[in-house]
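What follows is the residue order along each chain.
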Amino acid sequence: AALRETLKQMPKAELHMHIEGSLEPELIFALAERNQVKLNYASVEELRRAYAFTDLQSFLDIYYAGASVLLKEQDFYDMTWAYLQHAREDNVKHAEIFFDPQTHTDRGVPFGTAINGIHRALKDARAEWGMSSAIIMCFLRHLSEEAALETLEQSMPYRDKIIGVGLDSSERGHPPEKFARVFARCKELGLRLVAHAGEEGPPEYIRTALDLLKVERIDHGVRCLEDPALTQRLARDKVPLTVCPLSNIKLRVFDKVGDHNLVKLLDAGLTVTVNSDDPAYFGGYVNENFVQMFDALPLDKNHAYRLARNSFAASFLDAQAKQKFL
Ligand code: ES4
Ligand code: ZN
C-alpha cells in the first residue's frame with residue numbers, strides 16, 4: 001500500500017502518449033454531437049465494447065474512427081485539456097505529447113487548427129499549474145514518405161511549437177528506412193527524433209531506426225530482448241525505451257500483465273520509462289500503468305525511483321530544467 005502511494009505521488013514525466021488516444025468515449029460522443037459527425041456506434045457503451053483489440057491494426061482502425069470527431073480548434077483544446085487534468089492528477093510534471101497531423105489534414109482539417117488547439121491547452125497548463133510540456137509530431141508510417149515530407153512542409157509555420165518528430169501507426173511492413181530522407185531533413189532542421197520500433201515489428205526495426213533514422217529514443221522497443229547484441233548496445237548507449245505496459249497487454253504483445261518483460265528490460269540495464277500510450281483505449285493513465293505493473297511483477301521502491309528518474313533523464317527538457325528533477 002505504501003508502494004502504491006509512492007508510485008502515484010512521485011513526480012514523473014510522460015514521454016509516450018498520443019493525444020488522439022486520450023479521447024474518452026464520452027468526449028467522442030459529445031464532440032460528434034457538437035460537430036454533427038456520424039459515428040458507427042449507437043452509444044458510449046457500444047463504442048467501449050468495441051475496445052477488444054487483437055493486435056495493433058485492430059486498435060488503429062477504431063482510434064482513427066474516434067479522431068474523426070475532431071474538427072475545430074476548440075475540439076483539440078478540449079481533448080488536450082482533459083488529458084492534462086489526468087496527467088496533473090498523476091503527478092506528471094512534464095509531458096511530451098504526440099500528435100498525428102495526417103489523421104486530421106487527410107480529412108480536410110488544417111494543420112494549424114489541430115496544433116493551435118493542442119498548444120493553447122499546453123500553454124494554459126503551464127500558466128495555471130507550472131506543468132511543462134512539448135509537442136512531437138508523428139508521421140504515419142502506413143502512408144508514403146512523400147506524404148510525410150509534405151506534412152513537414154505544412155508544419156514549418158509552426159516550427160517553434162514542435163520539439164521533434166516521431167513515427168507511428170502500422171509497424172509491420174513499414175520499416176524505418178522508408179522514412180530515411182524525411183528524418184534526415186528533420187535532423188537538419190534541429191528537430192529531435194524518436195520512432196516507434198520493436199512494438200510488433202522485429203528487433204531489426206530498432207537497429208535501423210537508430211542507424212538509418214538516427215533517433216534518440218525508441219518508443220516501445222520491448223522486442224529488443226530477442227537480440228542480445230542489440231540489447232547490449234541500447235544499454236551501453238543509454239538509449240531510452242518509452243515502454244507502455246497496458247498498451248502491450250491490450251494489443252496482445254504480451255498475454256497478461258504478469259508476462260510483461262519490464263523487469264527483464266530493467267535487469268538488462270536499459271533506460272526504461274513507463275507511459276500510457278493511448279490511455280482512453282488501453283485502460284488507464286500513467287499511474288494505472290505503474291500500479292498494475294508493480295502489483296503483478298517483482299518490482300520495488302528502487303525500481304519506482306529508477307523509472308521516475310529515467311523519465312526525466314530521457315526527456316527533451318533542457319539541461320537546467322532536467323537538473324531540477326534528477
Ligand atoms: C499507437 Cl500503440 C501505437 N502504436 C503505433 N502507432 C500508434 N498510434 C497511436 N497509438
Ligand atoms: Zn505509441
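Residues numbered from 1 in each chain as written. Chains lettered and ligands numbered in written order. Predicted model: local features only at pLDDT ≥ 70, side-chain atom pairs only at ≥ 80, totals over all residues.

An unreviewed UniProt entry annotates the chain as Adenine deaminase of Noviherbaspirillum denitrificans. The UniProt entry for the chain carries the following comment under Function (unreviewed entry): "Catalyzes the hydrolytic deamination of adenine to hypoxanthine. Plays an important role in the purine salvage pathway and in nitrogen catabolism." According to its UniProt record, the chain has this under Sequence similarities (unreviewed entry): "Belongs to the metallo-dependent hydrolases superfamily. Adenosine and AMP deaminases family. Adenine deaminase type 2 subfamily." (UniProt positions renumbered as here; feature names shortened; annotations may be inferred.)

Participant: Describe in detail the overall build of the chain, supporting the description with residues and values.
Facilitator: Scanning the chain from N- to C-terminus turns up 17 helices and 8 strands. For the chain, whose C-alpha radius of gyration is 18 Å, the value lies close to the compact-globule estimate of 20 Å for 326 residues. Within the chain, the proportion of its 326 residues that are buried is 47%. Considering only intrachain contacts with a sequence separation of at least 6, the fraction spanning at least 24 residues in the chain is 76%. (Helix = DSSP H or I, 4+ residues; strand = E, 2+ residues; numbered from the N terminus. Rg over C-alpha atoms; globule rule 2.2 N^0.38 Å. Buried ≥ 20, exposed ≤ 12 C-beta atoms within 10 Å, placed from the backbone. Contact = placed C-beta atoms within 7 Å.)

Participant: Run through helix α8 (residues 145-155), naming residues and quoting values.
Facilitator: Because each turn of an α-helix spans 3.6 residues, side chains separated by three or four positions in sequence point in the same direction. For α8, the full list of buried residues reads A148, T151, L152 and S155. Buried residues in α8, looked at end-on, bunch into an arc of 105 degrees, giving them a common side. Of the exposed residues in α8, those oriented more than 90 degrees away from the buried face are E146 and E153. Of the surrounding secondary structure, the elements contacted by the buried residues of α8 are α6 (101-105), α7 (111-129), β3 (132-140) and α9 (180-188). (Arc of directions from axis to C-beta.)

Participant: Any details on the sheet that holds strand β6 (residues 217-220)? Residues and values, ideally.
Facilitator: The strand order across the open sheet formed by 8 strands is β1-β2-β3-β4-β5-β6-β7-β8, and the pairing between neighbours is parallel. Since the sheet does not close on itself, it has two edges, and those belong to β1 (12-18) and β8 (272-274), each with one partner. Sheet twist, expressed as the average angle between the axes of neighbouring strands with direction ignored, equals 25 degrees. Where β1 lies against strand β2 (residues 92-99), 5 bridges are found, and the strand directions are parallel. The residue bridging M17 from the neighbouring strand is I97, located in β2. Lying on the sheet, α7 is in contact with β2 and β3; it crosses β3 at an angle near 160 degrees. (Pairing = 2+ DSSP bridges. Axes fitted to C-alpha atoms, helices over the stretch in contact; angles between N-to-C directions.)

Participant: Run through the nonpolar core, naming residues and quoting values.
Facilitator: Counting residues in each nonpolar core, the largest one holds 87 residues, and the members touching the most others are I97, F99, I118 and A209. When sequence neighbours within four positions are dropped, the list of residues in contact with I97 reads M17, I19, I118, S133, I135 and I136. (Core = buried A, V, L, I, M, F, W, Y, C linked by C-beta atoms within 7 Å.)

Participant: Account for the UniProt feature "active site" (unreviewed entry) in the chain, naming residues and giving values.
Facilitator: The UniProt record marks E199 with the feature "active site" (unreviewed entry), using the residue numbering of this structure. Structurally, E199 can be placed in the loop between β5 (192-197) and α10 (203-211).

Participant: Describe the UniProt feature "site: Important for catalytic activity" (unreviewed entry) in the chain, listing the residues and the values that go with them.
Facilitator: Taking the numbering used here, the UniProt-annotated feature "site: Important for catalytic activity" (unreviewed entry) corresponds to H220. By secondary structure assignment, the location of H220 is in strand β6. If we ignore the near neighbours within four places in the chain, the residues touching H220 are H196, A197, G198, E199, V243 and C244.

Participant: Residues and numbers for the pairing of β5, please.
Facilitator: As paired strands, strand β4 (residues 164-168) and β5 are joined by 2 bridges and run parallel to one another. Paired with G164 across the strands is R192, a residue of β5. At this point the chain moves from β4, through α9, to the parallel β5, and the crossover so formed is right-handed. As a crossover connection, the stretch from β5 through α10 into β6 is right-handed. (Right-handed = clockwise from strand over helix to strand, strands pointing away.)

Participant: Any details on the environment of L262? Residues and values, ideally.
Facilitator: As for its position among the elements, L262 is in helix α13 (residues 262-267). Look at L262 and you get buried, because 23 C-beta atoms sit within 10 Å. Taking the C-alpha atoms as reference, L262 lies 15 Å from D277; in sequence the two are 15 residues apart. Once residues within four sequence positions are removed from consideration, L262 is found in contact with V243, P245, V272, M293 and L297.

Participant: Could you give an account of the packing of helix α1 (residues 2-9) against helix α15 (residues 286-296), with specific residues and numbers?
Facilitator: Where α1 meets α15, the closest approach of the two axes is 9 Å, and the angle between their N-to-C directions is 150 degrees. By the angle between their axes, α1 is roughly antiparallel relative to α15. Of the two possible hands of crossing, α1 and α15 adopt the one that is right-handed. Residues L3, R4, L7 and K8 of α1 form the contact with α15, whose participating residues are N287, F290, V291 and F294. The class makeup of the residues in the contact of α1 with α15 is 5 nonpolar, 1 polar and 2 charged. (Parallel < 35°, antiparallel > 145°, perpendicular 65-115°, else oblique. Left-handed = near helix turned anticlockwise from the far one by under 90°. Nonpolar A, V, L, I, M, F, W, Y, C, P; charged D, E, K, R; others polar.)

Participant: Quick rundown of helix α11 (residues 228-236)? Include the residues and the values.
Facilitator: Buried within α11 we find L230, T231 and L234. For α11, the arc enclosing every buried residue in end-on projection is 100 degrees, short of the 170-degree limit, so these residues lie on one face. Opposite the buried face of α11, at more than 90 degrees from it, the exposed residues are P228, A229 and R236. In this fold, the buried residues of α11 make contact with α10. Two residues or fewer after α11 comes K238, characterised by a positive phi angle close to 50 degrees.

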